[in-house]
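Take a look at the letters that make up each chain.
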Amino acid sequence: MCFCKERNKLVGTTNFLVWKKRIDLLLKENELLDYIKGNVIVLEKEQTQYLAEFNKDEIRAQRIMI
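Draft legend 1. Up close: helix H1 (residues 16–29). In a regular helix each residue adds 1.5 Å, so 14 residues correspond to 20 Å; H1 covers 20 Å between its end C-alpha atoms and thus fits that length. Of the positions making up H1, those classed as buried are Trp19, Ile23, Asp24, Leu26 and Leu27. Projected down its long axis, H1 shows its buried positions confined to an angular sector of 165°, all on one face. Across from the buried face of H1, at angles greater than 90 degrees, the exposed residues are Leu17, Lys21 and Glu29. Phi turns positive, to about 55°, at Glu31, one or two residues after H1.

Spelled out as structure tokens, the structure:
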């Protein structure tokens, strides 16, 4: 499934619920939904170890949404 098709784009409020459901499913499929929901926390003591991975996954989630 190519999400980039014109019919899958968000168009104001007219298709928000359908768009949101598709985005949520794509993010779940890619194990990235928690990044958007704010459920992923990088503790200060773990920052150096996990920060690069966290940033990479957060950017992947944002790319799906855009």
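Following the structure, the description resumes.
Draft legend 2. Main features of the packing of aromatic side chains. Summed over the entire model, instances satisfying the criterion amount to 2 aromatic pairs. Measuring from ring centre to ring centre gives 6.0 Å for Phe16 and Trp19, while their planes differ by 35°; the resulting arrangement is tilted. Separated by 3 residues within a single helix, Phe16 and Trp19 lie in helix H1, roughly one turn from each other. Residue Phe16 is classed as partly exposed on the basis of its relative accessible area, which comes to 36%. Their ring planes at 45° and their centres at 5.3 Å tell us that Tyr35 and Phe54 sit as a pair that is tilted. In this pair, Tyr35 is assigned in helix H2 (residues 33–37) and Phe54 in helix H3 (residues 47–65), connecting sequence segments 19 residues apart.

Each value, and the rule that gives it
- Residues numbered from 1 in each chain as written.
- Predicted model: local features only at pLDDT ≥ 70, side-chain atom pairs only at ≥ 80, totals over all residues.
- Heavy atoms only, no water.
- Helix = DSSP H or I, 4+ residues; strand = E, 2+ residues; numbered from the N terminus.
- Expected span 1.5 Å × (residues − 1).
- Buried < 20%, exposed > 50% of the residue type's maximum accessible area, 1.4 Å probe, protein only.
- Arc of directions from axis to C-beta.
- Phe/Tyr/Trp six-rings, centres within 6.5 Å; stacked < 30°, edge-to-face > 60°.

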